[in-house]
Amino acid sequence: MRLLLRFFGFLFAVGTILFLVGVAAVAGLMWHYSKDLPDYSQLQDYEPPVMTRVHAADGALLAEYAKERRLYLPIQAIPKPVINAFLAAEDKNFYDHGGLDFAGIGRAVVLYVQNYGSNRRPQGASTITQQVAKNFLLTNEVSFARKIKEALLALRIERTYSKEKILELYLNEIYLGLGAYGVAAASLVYFDKSVNELTISEAAYLAALPKAPAILHPVRNRERAIERRNYVIDRLLENGWIKSAEAEKARKEPLSVSGRPGGAHIFAAEYFAEEVRREVFERYGEKKLYEGGLSVRTTLDPRLQAVARRALVSGLVNYDEAQGWRGPVTRIELSGDWGVKLADVKSLSDISPWRMAVVLEANAQSARIGFQPGRELGGAVQKERATGLIALDGVKWAKAASGPTRFKTPTMVTQVLSPGDVIYVEQLVAKDGSKIEGQYRLHQVPEVSGGMVVMDPWTGRVMAMAGGFSFDQSQFNRATQAWRQPGSSFKPMVYSAALDNGYTPSTVVIDAPIEIDQGAGQGVWRPENYSTGKYYGPSTLRTGIELSRNTMTVRLAQDVGMPLIGEYAKRFGIYDSLPPYLSYALGAGETTVMRMVTAYSMFANGGRRIKATLIDRIQDRYGHTIYRHDERECRGCSADGWKGQAEPSLVDRREQVIDPMTAYQITSMMEGVVQRGTATVLRDVGKPIAGKTGTTNDEKDVWFIGFSPDIAVGVYLGYDKPRHLGRGQTGGHLAAPVVRDFLKVALADKPAVPFRVPAGIKLIRIDPKTGLRVGPGSGGPAILEAFKPGTSPPDNYSIIGVADVDGRPLTVSPDADRAIRSGSGLY
């Protein structure tokens, strides 16, 4: 008995020693790994990379920019069913443990022993807290050292932070595949929904992803993804978080994902979105743009954007089709599965409603076509093969662009199309606007291009922008990056400089041939009117701008002086520095559509300086405004409430670029361009419109810049590598119709508001040809002309460009004027 007691005493002593040694070893191990633990207190001030979101003026999402697509949500904003799904999948005892799940650790140890030597990856037993420690503070290294550090950090994190804070960090940091970090971004990427809209089935699928998002891809590994999703649904039911009927319904739901686009989310706004991205990048840098969680409210009007793009594309296509059919995009072999071959052909993604197709069969009267199939989220070509028909009427525009049949209207479809031709088509539309089922029209991507800008002339807010036919085809923004000669659309700057310095709209300039000695061996320059060889004698400034007379403009520029005109061009922001050569008075310098529309907006708003902007305001991730375009002071806007005080008022300290009366005079003259001049196509708008056409030498670029009292629009058309557009292809013929088509829709529901007449302006009846006053009952043609105080129509006039014997401008009486115009004088 005594020996037995001694034996048990010995065992107890040995056990105690071993226990103490074990405790010491564990303590030493914990001390060893605790020395190099990361500072977990940084979690308190954690600022994860968050995507920048760009919105249109109406709040619609325009674009998102991020290296890690993440939207940070506080735990209070995440619905309970979504939280439960992740707890069921990852850590059902989350609210009961202190950071470590010892039962789970035991299971993991048993499995590790069983699988030892099999090269299988050890099963983890990580709680959500441990995953937070690993994802934020450690690496993905598979080792006992990392697991020990992870466990130690988890214990400390649990003592420091609340369960809600730990869960918030986890649900916003976890990677869930397809570039999405956190549940908010994943909800948008996979289902195009906010987290509040997710069904039980969808929430369960997202909760299944943290284990292996690539392996659980919803398309490539659909069956496995559904199996794992259903496992999470079963755990939700087992834990009592959903009912049996809900679980059954969720299991039966198909795994349907709708990929969220990564570019512009508003149709036709790609050029606008990219311009905003560049500006934010230049203002704040790459890190702030892609990780700073900025909220950018832009000036874009989605409705006007769609109308602007449609008008520009229509203008480009109409001109291009008139030049003839250049042939198919490419050709493919029809043997085998033509759909797979066609899917490999690069098609433009942003030219809806156009679709790429291949000609399957063709005869004299029609061609059967097969449409390019789409691709699944995983990249596989869809199996469906849709077809349609092109009748002879759908190809009649396609006259040959070259060869013996050039410009001859086709009489058979086979003269245009052959089997294997890859083409673009658009579904035919009936007169009532309905689509004609199965019937299509042939199209071709235009070679000509152009740019368009729509602006609020009072603020400089760019409401729409089109930088070309297709952003997918070319990211070069012709509205802001293309430096082109504006031609005659620059002339209003010459005339405004004159009007601001003593001239009136009735001032008369001779329209006749002129020779300019350019000096230094440059020879003689002989500018001509567009209608070569035609000159019209003494004409008013109004007539000169309405009919775009070149020789009149050159003579006026001589009289005013190019240095003064250069100052006005700089003041309006068209050129930074204008060379003092007379050819620049006809728009020989290079500028952009954006600059021209901004300049014309200053005429429309009464001469106030504006700065073009695509951004209204920018807020940081905390909602603080860090940029605002509108710098006007609002007096009284900060009041806590109304206590009988005066209403708030805006203080506008913007510079006055030109006299408001001059701005109205030039506006009135450009209104005449639409009513009687080179842009009469805009009379179809049925509202007050002012503007100016522009056509460069050899018709390489055509322009129209115009405005109503509250909207300014500018467009140019031309080849990227400038070349001749064709004789007669002028700004009035090509560019003005684009603006007309836009304004007819944009102003359709707006009242016909006349241009605002500033105080002090006198409207006097004059003869539009002579500029002389017209008395009551004279019976001749007359218009109302705007005169500043101290000026009025003359009883006789001096002709700029014609001198008397003493070198002074020739003064002409009404009788002499009649003699001149009858052919007996001057020229």
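Values in this document were obtained by computation on a predicted structure and should not be read as measured data.

Draft legend 1. Just the sheet that holds strand E1 (residues 52–55), in detail. The five strands lie next to each other as E2-E1-E5-E18-E19, forming an open sheet whose pairing is mixed. The open sheet has two free edges, formed respectively by strand E2 (61–65) and strand E19 (625–628), since each of these has just one partner strand. Within the sheet, the average angular offset between the axes of one strand and its neighbour, ignoring direction, is 15 degrees. Here four bridges tie E1 to E2, and the two strands are oriented antiparallel to one another. Across the sheet, residue His-55 finds its bridge partner in E2, namely Leu-61.

Draft legend 2. Representation of a nonpolar patch on the surface in the model. A surface patch of nonpolar side chains, amounting to about 260 Å² of accessible area, comprises Val-757, Leu-763 and Leu-784. Along the chain, Leu-763 turns up in strand E25 (residues 762–766). Judged by relative accessible area, which is 41%, Leu-763 ranks as partly exposed.

Draft legend 3. Spatial organisation of the packing of helix H15 (residues 491–499) against helix H17 (residues 550–560). Direction vectors running N to C along H15 and H17 enclose 40 degrees, while the axes themselves pass 10 Å from each other. One way to sum up the angle between H15 and H17 is to call them oblique. Between H15 and H17 the crossing geometry is left-handed. When H15 is examined against H17, the residues Lys-491, Val-494, Tyr-495, Ala-497 and Ala-498 are found in contact with a partner set consisting of Asn-550, Met-552, Thr-553, Leu-556, Ala-557 and Val-560. Looking at side-chain class alone, the contact of H15 with H17 contains eight nonpolar, two polar and one charged residues.

Draft legend 4. Spatial organisation of the packing of aromatic side chains. For the coordinates displayed, the defined rule picks out 19 aromatic pairs. Ring plane angle 50 degrees and centroid distance 4.8 Å describe the contact between Tyr-175 and Tyr-181, whose orientation is recorded as tilted. On the basis of relative accessibility, which here comes to 35%, the residue Tyr-175 falls in the partly exposed class. For the ring pair Tyr-190 and Phe-191, a centre distance of 6.3 Å and an interplane angle of 45 degrees mean the geometry is tilted. Phe-191 sits in the buried class, given a relative accessible area of 5%. In textbook terms, an aromatic cluster arises when at least three aromatic residues are bridged by ring pairs, as seen for Phe-572, Tyr-600, Phe-603, Phe-707 and Phe-755.

Draft legend 5. Spatial organisation of the confidence of the model for the protein. Summary statistics for the protein give a mean pLDDT of 87 and a share of 84% for residues scoring 70 or more. Scored below 50 in pLDDT, residues 818–827 shows 19 contacts in the model against residues more than four places distant or in partner chains.

Draft legend 6. Up close: the environment of Val-448. Mapped onto the secondary structure, Val-448 falls in the loop between strand E11 (435–443) and strand E12 (449–455). Judged by relative accessible area, Val-448 falls into the buried class, the value being 2%. In sequence terms Val-448 and Tyr-319 are 129 residues apart; their C-alpha atoms lie 8.1 Å from each other. If we skip the residues at most four places from it in the chain, Val-448 touches Leu-316, Tyr-319, Asp-320, Gly-718, Tyr-719 and Leu-725.

Draft legend 7. Summary view of the side chain of Lys-687. Structurally, Lys-687 is set in the loop between helix H20 (660–676) and strand E22 (690–695). Here Lys-687 is buried and forms no salt bridge, its nearest opposite-charge partner Asp-749 lying at an N-O distance of 6.8 Å. Among the polar contacts made by the side chain of Lys-687, one reaches the main-chain carbonyl oxygen of Lys-750 at a distance of 2.8 Å.

Draft legend 8. Focus on the packing of H15 against H20. Look at H15 against H20: their axes get within 9 Å of each other, and the N-to-C directions meet at 135 degrees. Between H15 and H20, the angle falls in the class oblique. At the point where H15 passes H20, the crossing takes the right-handed sense. Of the residues in H20, those touching H15 at Pro-492, Tyr-495, Ser-496 and Leu-499 are Thr-662, Gln-665, Ile-666, Met-669 and Met-670. Of the residues in the contact of H15 with H20, the class split is six nonpolar, three polar and no charged.

Draft legend 9. Seen up close, the sheet that holds E12. Across the sheet, which stays open at both edges, the five strands sit in the order E13-E12-E24-E23-E22 with antiparallel pairing between neighbours. Each end of this open sheet is capped by a strand with a single partner; those strands are strand E13 (462–466) and E22. Adjacent strand axes in the sheet meet at a mean angle of 5 degrees, parallel and antiparallel pairs treated alike. Packed onto the sheet, helix H19 (residues 593–604) meets E12, E13, E22, strand E23 (701–708) and strand E24 (711–718) and runs at close to 30 degrees relative to E23. Where helix H21 (residues 731–746) meets the sheet, its contacts fall on E12, E22, E23 and E24, and the angle it forms with E24 comes to roughly 140 degrees.

Draft legend 10. Local environment of the environment of Arg-297. Tracing the sequence through the fold places Arg-297 in strand E5 (residues 295–298). The exposure class of Arg-297 is partly exposed, given its relative accessible area of 27%. Along the primary structure Arg-297 and Ala-60 are separated by 237 residues, whereas in three dimensions their C-alpha atoms are 9.5 Å apart. Not counting the four nearest positions on each side in its chain, Arg-297 is found in contact with His-55, Ala-56, Ala-57, Gly-59, Ile-615, Asp-616 and Arg-617.

Draft legend 11. The arrangement of the pattern of salt bridges in detail. For the structure on display, the rule yields 44 salt bridges. Note that Lys-165 and Glu-168 form a salt bridge whose closest N and O atoms lie 3.9 Å from each other. Of this pair, Lys-165 and Glu-168 both sit in helix H6 (residues 163–173), three residues apart, which is roughly one turn of the helix. Owing to a relative accessible area of 11%, Glu-168 belongs among the buried residues under this scheme.

Draft legend 12. Quick look at helix H13 (residues 302–322). Its 21 residues give H13 an end-to-end C-alpha distance of 30 Å, which sits within 8% of 30 Å, the value for a rise of 1.5 Å per residue. Capping of H13 at its N-terminal end is provided by Asp-301; its side-chain oxygen lies 3.0 Å from the backbone amide nitrogen of Arg-303. Directly after H13, the chain includes Gly-324, whose backbone phi takes a positive value near 105 degrees.

Draft legend 13. Quick peek at the pairing of E11. The sheet contact formed by strand E9 (residues 387–391) and E11 spans two bridges and is parallel. Of the residues in E11, the one forming a bridge with Leu-389 is Gln-439. One ladder, built from five bridges, connects strand E10 (residues 421–429) with E11; its direction is antiparallel. Looking across to E11, one finds that Gln-427 is bridged to Tyr-440. Where E10 folds back on E11, the antiparallel hairpin that results is connected by five residues, among which Gly-433 adopts a positive phi of roughly 90 degrees.

Reading the values: rules and limits
- Residues numbered from 1 in each chain as written.
- Predicted model: local features only at pLDDT ≥ 70, side-chain atom pairs only at ≥ 80, totals over all residues.
- Heavy atoms only, no water.
- Pairing = 2+ DSSP bridges.
- Helix = DSSP H or I, 4+ residues; strand = E, 2+ residues; numbered from the N terminus.
- Axes fitted to C-alpha atoms, helices over the stretch in contact; angles between N-to-C directions.
- Patch = residues over 30% accessible without salt bridge, like charges linked within 9 Å, V, L, I, M, F, W, Y side chains within 5 Å.
- Areas by Shrake-Rupley, 256 points an atom, 1.4 Å probe, with all protein chains shown as cover.
- Salt bridge = Lys/Arg side-chain N within 4 Å of Asp/Glu carboxyl O.
- Buried < 20%, exposed > 50% of the residue type's maximum accessible area, 1.4 Å probe, protein only.
- Parallel < 35°, antiparallel > 145°, perpendicular 65-115°, else oblique.
- Left-handed = near helix turned anticlockwise from the far one by under 90°.
- Contact = heavy atoms within 4.5 Å.
- Nonpolar A, V, L, I, M, F, W, Y, C, P; charged D, E, K, R; others polar.
- Phe/Tyr/Trp six-rings, centres within 6.5 Å; stacked < 30°, edge-to-face > 60°.
- pLDDT = per-residue confidence, 0-100.
- Lys, Arg positive; Asp, Glu negative; His and termini not counted.
- Polar contact = N/O pair within 3.5 Å; in protein donor to acceptor, adjacent residues only side chain to side chain.
- Expected span 1.5 Å × (residues − 1).

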